[in-house]
Every structure is written in structure tokens, then in C-alpha cells.
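As a plain string of letters, each chain reads:
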Amino acid sequence: MQSRNSRLNSAALRGAVDLAAVKAAGEAAQKAEQARAERARQAAAGGDPAPAPSQLVLDVTEDTFEAEVVQRSAEVPVVVDFWAEWCGPCKQLSPILERLAEEYAGRIVLAKIDVDANQLIAQQFGIQGIPAVMAVVAGQLVPLFQGAENEANVRKILDQLIAVAEQRFGITGLAAGAGGEAPAAPRVPSDPALEAAHDALDRGDLGGAVRAYQNVLADQPGNTEAKLGLAQAQLLQRVEGVDPQQVRSAAAADPKDVEAQLRAADLDLVGGHVEDAFGRLVDTVGRTAGEDRDTARLRLLELFEVIGPDDPRVVAARSALARVLF
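Residues numbered from 1 in each chain as written. Predicted model: local features only at pLDDT ≥ 70, side-chain atom pairs only at ≥ 80, totals over all residues. Heavy atoms only, no water.

Asks: Run through the pattern of salt bridges, naming residues and quoting values.
Replies: Counted under the stated rule, the structure contains 15 salt bridges. Between Glu103 and Arg155 there is a salt bridge, with the nearest N and O atoms lying 2.5 Å from each other. On the criterion of sequence distance, the pair formed by Glu103 in helix 5 (residues 88–103) and Arg155 in helix 7 (residues 151–169) is long-range, its members being 52 residues apart. For Arg155, a relative accessible area of 26% corresponds to the partly exposed category. Note that Arg299 is salt-bridged to Glu302, the shortest N-O span being 3.5 Å. On the criterion of helical spacing, the pair formed by Arg299 and Glu302 is a turn pair, its members being 3 residues apart in helix 14 (residues 290–307). Overall, Arg299 belongs to the buried group, its relative accessible area being 14%. On the basis of relative accessible area, Glu302 is assigned to the partly exposed category, the value being 33%. The network of salt bridges with shared partners includes Arg99, Glu103, Glu151 and Arg155. (Salt bridge = Lys/Arg side-chain N within 4 Å of Asp/Glu carboxyl O. Helix = DSSP H or I, 4+ residues; strand = E, 2+ residues; numbered from the N terminus. Buried < 20%, exposed > 50% of the residue type's maximum accessible area, 1.4 Å probe, protein only.)

See below:
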């Protein structure tokens, strides 16, 4: 079976959520640990463990994207800056990103992509306006923000990205610690029941995956991986075989039709439009009452599980939900 963090599949390049990201965590942690061990070995042999500025800010093309972004993301979060020469806001944002990439000294790498020269990548990522900034961590696509941002906001976003990369994937970047030694990556313990659930999800056996994750949770109610996997499998079950055009038409025709909004939000999330999915359900909660409101609220909480509690988009949506509820 092909490693999920070895490349971004076409769905991920269109901005889709990789619904097996949790399984990539163990693989990414192992690769990151191997990379750090190799750098430590080179440092002990007299090499310079500190990455040079030229290694931290890269001009990436369609030909080099696989190596410079996808493969590199197994050991360091790669921030992708989509820009163009004619774009005024890009000229304000890009220097900020470049300066922070050097300041962070290997905890991130900045990949700059000229959308005019690399239109295929821009299309695959679904870039509709620039500047646009995304990240790739362990082969997983993480949208960050679109439009110009000030340095303070960019710094906060990068800090959140670094924390998620370390906590979820064990990826701590290229910078070595004192004496050339890097911190050890957290190991992901092997759990046969959890592996069986992941394998069922990979095979597309959604019913089997749901049952397997539920079995894990029956024995381990606090298992975060199993909660995430169950939410992912249930989401895929809900969108399996639906007609996207029909779903979206029904949702547009009647904003008060809660079931239509739920189905459209599921499609939004699977298509990678995370903010749209969250915003749709927050709006639905705000315009409904009683059982309908509770149904929309619970579905939104389920979608939070799919993305993960540390994701900045989940944090923002929780605040928006609180505002409409209280």
C-alpha cells in the first residue's frame, strides 16, 4: 500500500481534505526522526547542522514541486506562497514570509510559486485570488489564508502551523538543537485494532471502518485517533453516491432546509472548502431553533472532529458558533 504522505493525490491538490491524514502521522514522525538522525550524524562528522537561508526560501516550479514541497513536507512544514509579479499585495506579503522563514531558522520552509509561470499548480490548488498562502505537512494540504496579512497575524498563523505539525505528525523542522542533536519525535504506538480500522478506511470499506473505530472507542473512549477516524468514515458514508449538483441546488433554494444544509456542508468539507462548510452550519444554527438548531450544531461539532481541534479554522468556527448560540 502506498504511503499517504509520499505525494499529494489529485483530490488533495484541488484542496480536498485528506481523510486518512491521521494514519500519515506515524509515517511522518518516523521519516522526520530518520531525517533528524541523519542530520545529527552529518553534524557529528563536522557538517553544519544549521540550514542556510537558501534552503529556507525556495522558488518552486511544476517540475520541482514534488521534491521541494511534497517530499520535503515529511520533515518540515512547507509554507506555499502563491504570488505574481503584477500583484501589489503580494509584494507586501512575500517579504514578510521570507523574513519569518529565515527567522524561524528551519522550523518552516517557504516555497514561492509564481502563478503565471505555474498555472497548473495554481489550478490544482484551486487558487482564485492572490496572494494565497497554504501549507503542506506530511503530504497533507493545510489552507492558511488568502490576501495580505500583517506580520503579527502571519506570525500567529505560522506558530499554530508549527504546533500542529509537531503535535499531530511529530515534525519539528530542519533546525538542530545544541550540539547538533534534535529533539526526539514522538512515537505513535501500534494498536492492532486501530490499524484494522485505518486499513478498512483505506480500502473504502466504510461500514467496516465505522464499526472498527466504534470498537476501539468502546474500549478506549478517549482515543483521539479513533474519534477522528470515526468522524471521517461517517462523513464519507454520508456523501457516498450523492448528486453534488442536486444537493447544492436544494441548499440554495431553501436556506431553512436543515437537512439540505447538512448535506451541502458535508460536500463542502470533502471538497476542501472547510470555511464554507463551517460557515454554512453556523448560519444554519443562527437561523433555526429547537430540534433543528440542535441538529445543525451537532453536525458542526462532528465536522470539527474531522479537521481536528487545533486547526485555526476550527478555533474560529467555535467562536462564531458561540456568538450565534449566546
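Asks: Describe the nonpolar core, and please don't skip the residues or the numbers.
Replies: The biggest cluster of nonpolar side chains holds 28 residues, and the ones touching the most others in it are Leu269, Phe278, Leu300, Leu303 and Ile307. Among the elements of the structure, helix 10 (224–239), helix 11 (244–253), helix 12 (258–270), helix 13 (274–287), helix 14 and helix 15 (312–325) are those that each provide at least two residues to this core. Top contributing element to this core by residue count: helix 12, with 7 residues. (Core = buried A, V, L, I, M, F, W, Y, C linked by side-chain atoms within 4.5 Å.)

Asks: Could you give an account of the pairing of strand 5 (residues 140–146), naming the residues involved and the relevant values?
Replies: Of all 7 residues making up strand 5, 5 are buried, and the element is well covered by its neighbours. Sheet topology note: the strand 4 (residues 132–137)/strand 5 ladder contains 6 bridges and is antiparallel. Residue pairing for strand 5: Met134 is matched across the bridge by Pro143. Between strand 4 and strand 5, which pair antiparallel one after the other, the connecting turn spans 2 residues, and Ala138 there sits at a positive phi close to 55°. (Pairing = 2+ DSSP bridges.)

Asks: How would you summarise the state of the cysteines if you had to cite specific residues and measurements?
Replies: Applying the stated criterion across every chain, the model contains 1 disulfide. Note that Cys87 is cross-linked by a disulfide to Cys90, the S-S spacing being 2.3 Å. Taking the torsion about the sulfur-sulfur bond, which here is approximately 80°, the covalent link between Cys87 and Cys90 counts as right-handed. Across the pair, Cys90 and Cys87 agree in class, each one buried. (Disulfide = S-S within 2.5 Å.)

Asks: With reference to specific residues and values, describe helix 13.
Replies: Taking 1.5 Å of rise per residue, 14 residues should cover 20 Å, and helix 13 covers 20 Å from first to last C-alpha, within 8% of that figure. As for helix 13, its buried residues are in contact with helix 12, helix 14 and helix 15. (Expected span 1.5 Å × (residues − 1). Contact = heavy atoms within 4.5 Å.)

Asks: Go over the packing of aromatic side chains with me, naming the residues and quoting the values.
Replies: With the rule as written, the count across this model stands at 3 aromatic pairs. Relative to Phe304, the ring of Phe278 has its centre 5.0 Å away and its plane inclined at 85°; by these criteria the two rings are edge-to-face. One end of the pair, Phe278, is in helix 13; the other, Phe304, is in helix 14, and 26 residues separate them in sequence. Judged by its relative accessible area of 2%, Phe304 is buried. Linked through ring pairs, Phe65, Phe82 and Phe125 together constitute an aromatic cluster. (Phe/Tyr/Trp six-rings, centres within 6.5 Å; stacked < 30°, edge-to-face > 60°.)

Asks: Quick rundown of the confidence of the model for the protein? Include the residues and the values.
Replies: When pLDDT is averaged across the protein, the result is 79; 78% of the residues are at 70 or more. Per-residue pLDDT stays below 50 along residues 1–29; that stretch engages in 85 contacts with residues further than four places along the chain or on separate chains. In this model residues 176–189 is a low-confidence stretch, pLDDT under 50, and it forms 21 contacts with partners more than four residues away in sequence or in other chains. (pLDDT = per-residue confidence, 0-100.)

Asks: Tell me about the packing of helix 10 against helix 12, and please be specific about residues and values.
Replies: At a minimum axis separation of 10 Å, helix 10 and helix 12 run at an interaxial angle of 115°. Between helix 10 and helix 12 the crossing geometry is left-handed. Of the residues in helix 12, those in contact with Leu235, Arg238 and Val239 of helix 10 are Asp266, Leu267, Leu269 and Val270. Residue composition of the contact of helix 10 with helix 12, by class: 5 nonpolar, no polar and 2 charged. (Axes fitted to C-alpha atoms, helices over the stretch in contact; angles between N-to-C directions. Left-handed = near helix turned anticlockwise from the far one by under 90°. Nonpolar A, V, L, I, M, F, W, Y, C, P; charged D, E, K, R; others polar.)

Asks: Break down the sheet that holds strand 3 (residues 109–114) for me, with residues and values.
Replies: On the basis of which strands lie adjacent, the open sheet formed by 5 strands has the order 1-3-2-4-5 and mixed pairing. Both outer strands of the open sheet, strand 1 (57–59) and strand 5, are each paired with one neighbouring strand and no more. Direction aside, neighbouring strands of the sheet carry axes that sit 25° apart on average.

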